[in-house]
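The residues making up each chain are set out below.
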Number of protein chains: 2
Amino acid sequence: MLTIAVDAMGGDNAPACVIEGTVQALRESGNRFSVILIGQSGKVEPLLADYDISGLNLRFMHAPEVVTMDDVPAVAVKAKQESSLVRGLHLCKAKEADAFVSAGNTGAQMAASLFVLGRIPGVLRPTIYAYFPRIQEGLTNIVDVGANMDCKPEHLVQFAEMLTIYQRYAAGIQNPIVGLLNIGEEEGKGSEVLKQTWKLLRNAEEKGKITFAGNMEGHDILKGKVSIVVCDGLVGNTILKFGESIPEFLGALFKPAMQQLVASRQLDQKSATLTSSMFKGLFEPFDVEKFGGVPFLGVDGISIVGHGRSSSKAIKNMIYMAEHMIERKVNAHIAEVLSEE
Amino acid sequence: MLTIAVDAMGGDNAPACVIEGTVQALRESGNRFSVILIGQSGKVEPLLADYDISGLNLRFMHAPEVVTMDDVPAVAVKAKQESSLVRGLHLCKAKEADAFVSAGNTGAQMAASLFVLGRIPGVLRPTIYAYFPRIQEGLTNIVDVGANMDCKPEHLVQFAEMLTIYQRYAAGIQNPIVGLLNIGEEEGKGSEVLKQTWKLLRNAEEKGKITFAGNMEGHDILKGKVSIVVCDGLVGNTILKFGESIPEFLGALFKPAMQQLVASRQLDQKSATLTSSMFKGLFEPFDVEKFGGVPFLGVDGISIVGHGRSSSKAIKNMIYMAEHMIERKVNAHIAEVLSEE
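Residues numbered from 1 in each chain as written. Chains lettered and ligands numbered in written order. Predicted model: local features only at pLDDT ≥ 70, side-chain atom pairs only at ≥ 80, totals over all residues. Heavy atoms only, no water.

Chain A carries the name Phosphate acyltransferase in an unreviewed UniProt entry, which gives Chlorobium phaeobacteroides as its organism. Its UniProt record gives chain A a comment under Subunit (unreviewed entry), which states: "Homodimer. Probably interacts with PlsY." The UniProt entry for chain A carries this comment under Function (unreviewed entry): "Catalyzes the reversible formation of acyl-phosphate (acyl-PO(4)) from acyl-[acyl-carrier-protein] (acyl-ACP). This enzyme utilizes acyl-ACP as fatty acyl donor, but not acyl-CoA." (UniProt positions renumbered as here; feature names shortened; annotations may be inferred.)

Written out as structure tokens, the structure is:
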């Protein structure tokens, strides 16, 4: 049976939400896997006592230290060896767990994952991607979204190759399509790094590793023409956070406009409530909860990172994502493809 | 009287929209300035004949060549000396016009403006900014939006300084506030270029040249906490184009959802029409037409560039923008501030 280590202390709503999501995942899946929940006993055990966990494949493990959102990643990893984050990753390293899941400090998790688990042979830099809404059916991921600044062309190409493997084996996309985010569509656009990346992506396509659609621009992302958007971490992080702010921004414009229509008796309250609820629903594609979290691609092990705001539903979906990554042997496929270079 | 040279051939809807916008600007302003309209006589004069321009300060000038959207900027500038673009800029250089306005090929206009007019002394790289919607009252500009790739810290700082001067003298903002777009708010975040830029922006603040609010993230842009968002051209260009695609994206989700409410008789047609119109209005802040165009900051002269899709209203507003730039002596202020370095 697969074993997944879960960081009870990670996230704005930890440990309550993490415990809830973990119990939900085990119940909903019919105990399909086992979970080791790691955290401070004084904080976790009293909450855990509220659940009937008899019969669930759930084990608690005490870790006295906690990595917080304010901890500096490189420092936290070394200074807090007894944290749920570092202990959980060591369980993976020792093969006592098959994957690790956390909604805590992303930078610290990246640093700790690299430090404890290392990189898959051939990987220059592990990366992190995100989900994006799209008009057409399918899936859009953007990579990198903040783990890597100052990317070189060979880094960007590996991100595309790793995410192609992830989408093909774990997301059920038969033919992932890669686009290079640039200031124009034509070949030869952009900085020297982008021009060189374009050539390397074309080479990777010739070797059968990816399908490359060429350059794309910011207004192409939501159209869903490509399933993989490749860019530097600063660009991806900015687009991701900008996108996340749009529902709130439009909501702040929508609400008074709607109230105005009701106050002026142009619209009755029932229609207003109905339309408001429909409006809210439009932003469901922007909902990060649905996917829960993402794996660090290129790490020699499975370390799934979630949004700090993760709810119990998000935690549950992160646990399923971990199970999926293990079963589909994504890392073995990455090792195979990158070793050919 | 001020004289503004207008490129009749620039833009997707040229020359018709350009002629219309020019005539509107002269009529609406009561002939406050004079315009030299430049383009191919065979295309412009027949359309111009449809207007009663007697009494308007409008003069037509023939230019046999046209720079198209497909022309490679550096090549077009040298190969098409007889184009409306190059001729218009030469009118400025020769002081026969005080400003030049075009909605044509942005890259070519930037190259030609630099080539013909040169840089204001002290300017390392001219730049181009854009307008962004915001929740709070006020103005948000983002710089650079595609003219400069691979920016060095000293370039980014000058962009902030030049846009501060523009906002202070031409946009009526008493205290422009600069934010540096980064992956996190804390000092010390991001690439080496960003870390160094942060320090130089702090120095510029100490010298009284700007007000610096520190690092900001993608989700801060729409909040309107800063009036100037500083970033590399790739980041700015991507955010700008991504933002422009949002109304269409949400419209594509809204329309069928609304039709569904009507078809299922939950909402009557009148309420649906009313709400749809309100929804459309939400995106007014994303309307580029309102501002018309922007000046290239740092060029030793006034060259206003507009969106290729510019309507006659946008052209009209670009002409007003040109007048404003001349009257407020923005370039003289830039020369003064940058010469202190």
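From this point, the discussion proceeds with the structure in view.
K.L.:
So what exactly am I meant to see when it comes to the interface of chain A and chain B here?
P.N.:
Accessible area lost during the coming together of the parts is what is often quoted as the interface size. Each partner contributes residues to the interface: chain A has 50 residues there, and chain B has 50 residues. Roughly 4,400 Å² is buried in total at the junction of chain A and chain B, and carbon and sulfur atoms are behind 81% of that figure. Of all residues in chain A, the largest losses of buried area upon contact with chain B belong to I183, F242 and F249 of chain A, amounting jointly to 16% of the total for that side. Our count for the chain A to chain B interface comes out at two salt bridges. Seen at the junction of chain A and chain B, the total is four residue pairs in polar contact (both at pLDDT 80 or more). Taken together, the elements giving at least two residues each to the side of chain A that touches chain B come down to helix 7 (192-206), helix 8 (233-263) and helix 9 (269-281) of chain A. Among the residues forming the side of chain A that touches chain B, the class breakdown is 30 nonpolar, 14 polar and six charged. (Contact = heavy atoms within 4.5 Å. Buried area = accessible area lost by both parts, 1.4 Å probe. Salt bridge = Lys/Arg side-chain N within 4 Å of Asp/Glu carboxyl O. Polar contact = N/O pair within 3.5 Å; in protein donor to acceptor, adjacent residues only side chain to side chain. Helix = DSSP H or I, 4+ residues; strand = E, 2+ residues; numbered from the N terminus. Nonpolar A, V, L, I, M, F, W, Y, C, P; charged D, E, K, R; others polar.)

K.L.:
Would you mind showing me how to read the sheet that holds strand 9 (residues 228-230) of chain A here?
P.N.:
Remark on secondary structure: sheet strands pair via backbone hydrogen bonds, oriented parallel or antiparallel. Residue and element names in this part refer to chain A. The five strands lie next to each other as 5-6-9-7-8, forming an open sheet whose pairing is mixed. On the outer flanks of this sheet lie strand 5 (129-132) and strand 8 (211-216), each paired with one strand and no other. On average, each strand axis in the sheet is inclined to that of its neighbour by 25°, with strand direction left out of account. Judged from the three bridges that link them, strand 6 (residues 140-143) and strand 9 form a sheet pairing that is parallel. (Pairing = 2+ DSSP bridges. Axes fitted to C-alpha atoms, helices over the stretch in contact; angles between N-to-C directions.)

K.L.:
What is the right way to look at the pattern of salt bridges in this model?
P.N.:
Two side chains carrying opposite charge are able to pair once their charged atoms lie near each other. Residues and elements named next belong to chain A. A full pass over the atoms with the stated rule returns 17 salt bridges over all chains. D71 is paired through a salt bridge with K80; the nearest N and O atoms lie 2.6 Å apart. The exposure class assigned to K80 is buried, which follows from its relative accessible area of 19%. A salt bridge links E205 to R202; its shortest N-O distance comes to 2.8 Å. Taken together, the residues E205 and R202, both in helix 7 and three residues apart, mark about one turn of the helix. For R202, a relative accessible area of 25% gives the class partly exposed. (Buried < 20%, exposed > 50% of the residue type's maximum accessible area, 1.4 Å probe, protein only.)

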